[in-house]
Amino acid sequence: MNESVNIRELNDMIASKSNFVNMITRGMDQTIVGQKHLVDSLLIALLADGHILLEGVPGLAKTLAIKTLATLVDAKYSRIQFTPDLLPADVVGTMVYSVKNEKFEVKKGPVFANFVLADEINRAPAKVQSALLEAMQERQVTIGDNTFKLDNPFLVMATQNPIEQEGTYPLPEAQVDRFLMKVTIGYPNKEEEKSIIRQNINPVSTNVQALIKPEEIVEVRELVNKIYVDEKIERYIVDIVFATRFPSDYGLNDLTSIISFGASPRASISLARAARAYAFLKNRGYVIPEDIRAVSHDVLRHRIGLSYEAEANNISADEVISEILDKIAVP
């Protein structure tokens, strides 16, 4: 009985904060046409205190989306264009000699912001990627003898182009695993494309205003962390993740030769965190199986290694995840 009362109270608290989501969604709609999945994914990553990897062709409003979000949250925004000649110091900062003070002083890099866009992250060498990913994981940066905590909230949205792979440095599996979600975004439909044309050939001044403060995001996150996850839901998450590691144990014998390695324990944690954030977006104080299914593809697609046989047969990670979700019993 206490548990049901707590959930009822939680539902009321979430309902009181739901205006926060509506305000951000309306604000994003001022500049972004369509791309609802991209906007929802950014909100999930923000609420779950995770980072997001976006894969999509150029011109799909990836940069505009996170810049608009940063403006709405009245947060500090920075953009890092990853190139082959980029150095770790260009990301995190370095020590610079001050002639005036006759000593070395810290010059902080663009990673010291609330929202960081890492554009075309696979264009930079591994050393630069590691510098950013370490900051993402540890939430701190060491420059010389000084260690600095990064701002809170801190969200990295990294992008990569799925077409041009020549001269790129693909992210290693262990580093890709640091991202809460990998979201693939496609082209807009015909109606959305017409709206985009109209918006750009007859530009109307859309002055995006700050609606909330970064401190409010931190408060809402604390509420998201209270969302109830039942033991049956935990078992469901574990079954999904274990099915990627030992498919034959779940009657998925045809996937044994398709999967070279399964999802890590970080996948289980990320599924629970993303599902909580998704439940919040749906104004619910508890997680249901549909929440898990809704976020599974984005959370798992970059954590499953496919074999050469899968590549030869053009089998994608999304198809593997769909087959697993169809097979695992829903609680």
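Definitions and cut-offs
- Residues numbered from 1 in each chain as written.
- Predicted model: local features only at pLDDT ≥ 70, side-chain atom pairs only at ≥ 80, totals over all residues.
- Heavy atoms only, no water.
- Helix = DSSP H or I, 4+ residues; strand = E, 2+ residues; numbered from the N terminus.
- Rg over C-alpha atoms; globule rule 2.2 N^0.38 Å.
- Buried < 20%, exposed > 50% of the residue type's maximum accessible area, 1.4 Å probe, protein only.
- Contact = heavy atoms within 4.5 Å.
- 1 Å grid on protein atoms, 1.4 Å probe; cavity = no way out; pocket = protein on both sides within 12 Å on 5 of 7 lines; lining within 4 Å.
- Points joined across faces, edges and corners; volume = space filled by probe spheres on them.
- Nonpolar A, V, L, I, M, F, W, Y, C, P; charged D, E, K, R; others polar.
- Pairing = 2+ DSSP bridges.
- Axes fitted to C-alpha atoms, helices over the stretch in contact; angles between N-to-C directions.
- Phe/Tyr/Trp six-rings, centres within 6.5 Å; stacked < 30°, edge-to-face > 60°.
- Lys NZ or Arg CZ within 6 Å of the ring centre and 35° of its normal.

Visitor: Could you clarify how one ought to interpret the overall build of the protein chain in this entry?
Guide: Within the protein chain, the regular secondary structure consists of 13 helices and 11 strands. Against the compact-globule benchmark of 20 Å for 331 residues, the protein chain has a radius of gyration of 21 Å, which places it among compact chains. For the C-alpha atoms alone, the extent of the protein chain along its principal axes is close to 70 × 50 × 50 Å. Across the 331 residues in the protein chain, those meeting the buried criterion constitute 46%. Of the contacts formed within the protein chain by residues at least 6 apart in sequence, a portion of 79% connects residues at least 24 apart.

Visitor: Please clarify how the layout of surface pockets should be interpreted in this entry.
Guide: If a probe the size of a water molecule is rolled over the atoms, the empty space left behind becomes visible. A volume near 610 Å³ is recorded for the largest pocket. For the largest pocket, the lining is made up of 23 residues, of which E55, Q160, K182, R301 and H302 are closest to its centre. Sorting the residues of the lining of the largest pocket by element identifies β1 (52-55), α6 (173-176), β9 (181-184), β11 (305-306) and α13 (317-327) as the ones contributing at least two each. Partitioning the lining of the largest pocket into residue classes produces 9 nonpolar, 8 polar and 6 charged.

Visitor: What am I meant to see in the sheet that holds β9 here?
Guide: Sheet strands pair by backbone hydrogen bonding; their relative direction is either parallel or antiparallel. Strand order in this open sheet of 5 strands is β2-β5-β8-β1-β9, and the pairing throughout is parallel. The strands lining the two open edges of the sheet, one partner per strand, are β2 (77-81) and β9. On average, each strand axis in the sheet is inclined to that of its neighbour by 20 degrees, with strand direction left out of account. Where β1 and β9 come together, 4 bridges link them in parallel fashion. Residue pairing in the sheet places E55 in a bridge with T184 of β9.

Visitor: I'm lost on the side chain of S296 in this one. Help?
Guide: Looking at the secondary structure, you find S296 in helix α11 (residues 289-300). Not counting residues within four places of it along the chain, the set of residues in contact with S296 comprises I240, L271, R301, I321 and L325.

Visitor: I tried to follow the packing of aromatic side chains on my own but got confused; where do I start?
Guide: Overall, the coordinates contain 4 aromatic pairs when judged by the stated rule. Look at F242 and F246: their rings are 5.9 Å apart centre to centre, the planes differ by 45 degrees, and that puts the pair in the tilted class. Given the relative accessible area of 42%, F246 is considered partly exposed. Over the ring of Y286 we find R284; its NZ or CZ atom is 5.8 Å from the centre of that ring.

The quantities given are spatial measurements derived from coordinates; they are silent on function.
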